[in-house]
Amino acid sequence: MGRIGAFLKKWMKISAAVILTAMICVPVTATALGTSSQSLVVTGSTTVKPLMVELQKEFERYANVEMFVTGGGSGVGISSTLNGVADIGMISRDLKPYEGGGVLKEHRIALDAVVVIVNVSVVPDGDQLNLTLNDLARIYSGELTNWQEITGFYLPIAVVSREEGSGSRDCFEEALRDAGNTDFVMKDRDVLSINNTGSMIAAVRDIQGAIGYININVSGGLPDRIKTVTIEGVEATPNTIANGNYAISRDLVLVTNGDPQGMAKFFIEWILSEDGQNIVENAGFVRVPT
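Each value, and the rule that gives it
Residues numbered from 1 in each chain as written. Predicted model: local features only at pLDDT ≥ 70, side-chain atom pairs only at ≥ 80, totals over all residues. Heavy atoms only, no water. Buried < 20%, exposed > 50% of the residue type's maximum accessible area, 1.4 Å probe, protein only. Helix = DSSP H or I, 4+ residues; strand = E, 2+ residues; numbered from the N terminus. Patch = residues over 30% accessible without salt bridge, like charges linked within 9 Å, V, L, I, M, F, W, Y side chains within 5 Å. Areas by Shrake-Rupley, 256 points an atom, 1.4 Å probe, with all protein chains shown as cover. Salt bridge = Lys/Arg side-chain N within 4 Å of Asp/Glu carboxyl O. Lys, Arg positive; Asp, Glu negative; His and termini not counted. Charge placed at Lys NZ, Arg CZ, Asp CG, Glu CD. Polar contact = N/O pair within 3.5 Å; in protein donor to acceptor, adjacent residues only side chain to side chain. Contact = heavy atoms within 4.5 Å. Axes fitted to C-alpha atoms, helices over the stretch in contact; angles between N-to-C directions. Left-handed = near helix turned anticlockwise from the far one by under 90°. Nonpolar A, V, L, I, M, F, W, Y, C, P; charged D, E, K, R; others polar.

Notes on helix 10 (residues 262-271)
- Here helix 10 lies mainly inside the structure; seven of its ten residues are buried.
- Listed as buried for helix 10 are M263, A264, F266, F267, I268, W270 and I271.

This is the structure:
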């Protein structure tokens, strides 16, 4: 064979070993899902969408996937996933028994809470206003119209609410009914209906005697003229939400048509990993308890 032949034979063995090692060390994204770019269509809840956009930024780089994320509401997420228009639907609550056609699978990815806020005129300087769920039911049903009974201040209550169909409003109303106010109905007359978070904050800031509610992810850094409220003596914190002590809370959920497959399955598993849950927390929501 000679010296040249022996060298070539040895070089071929080394090359084969290098190639085999490279194949073994390829990341799971490539071995399990292929190296070509794939796509995911995700649609639904406007509450979940900002979180999904943050997850999208990292996951597209991590998994060589192109994601298309749109809002439209929880109902759109459910119907689009059922009809095959979307790979994954976003909903800001659990599925109701009559939804999903018995085929949609739920995947809880985070916890959220609705935080009650009031105009500073309602709360004495340095004090913390506490309301019960029954107080809230009486205010939002129109039974209670002045703060005097609760705070001692003679000041009309300016009731501000999210629009009908809002996930935040659904969570708020459901918590009041679960507390024993089974016949609770939101008062429509004399209620300022708001269809976005920014307008809710502005209304409560600017109107004396105002009360409203927002999601926990936007409850930090509120204007000076707004105070958050404890409910049944409990403040909304990651711990009180995760352990169920804070009453007005909800799950943020992804739905798939049947058990997730391929990239959709990998994406949901990644969200529930340490990296994904760190993004959930940084976005102002609460990690899924382990």
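And the narrative resumes.
Some points on a negative patch on the surface
- A cluster of acidic side chains, namely D94, E106, E174 and D178, defines a negative patch on the protein surface.
- Checked against the element boundaries, E174 lands in helix 7 (residues 167-178).
- Overall, the relative accessible area of 48% leaves E174 in the partly exposed class.

Digging into the side chain of S168
- By the secondary structure assignment, S168 is in helix 7.
- Residue classification places S168 among the buried positions, given a relative accessible area of 3%.
- Of the polar contacts made by the side chain of S168, one reaches the side chain of N215; its length is 2.9 Å.
- Those residues in contact with S168 that sit more than four places away from it in its chain are T47, V114, R162, Y213, N215 and R250.

Quick look at the packing of helix 3 (residues 49-63) against helix 10
- Where helix 3 contacts helix 10, the axes come no closer than 11 Å and their chain directions differ by 115°. With respect to the hand of their crossing, helix 3 and helix 10 are arranged in right-handed fashion. Touching M52, L55, E58, F59, Y62 and A63 of helix 3 are M263, F266, F267, W270 and I271, all from helix 10.
- Taken together, the residues that form the contact of helix 3 with helix 10 break down as ten nonpolar, no polar and one charged.

Side note on the pattern of salt bridges
- Tallying each qualifying case throughout the model produces 13 salt bridges.
- A salt bridge links E54 to K57; the shortest N-O distance between them is 3.1 Å. Here the residue E54 and the residue K57 both occupy positions in helix 3, the gap between them amounting to three residues, near one helical turn.
- When its relative accessible area of 34% is taken as the criterion, E54 is described as partly exposed.
- Judged by relative accessible area, which is 44%, K57 ranks as partly exposed.
- Between D206 and R205 there is a salt bridge whose closest N-O contact spans 2.7 Å.

A word on unusual backbone geometry
- Of note in this structure, N64 is not a glycine but carries a positive phi near 55°.
- Along the chain, N64 falls in the loop between helix 3 and strand 2 (65-72).
- Residues other than glycine seldom take positive phi values, yet E232 does so here, at roughly 55°.
- Tracing the backbone shows E232 in the loop between strand 10 (230-231) and helix 9 (238-242).
- Assessed through its relative accessible area of 44%, E232 is described here as partly exposed.

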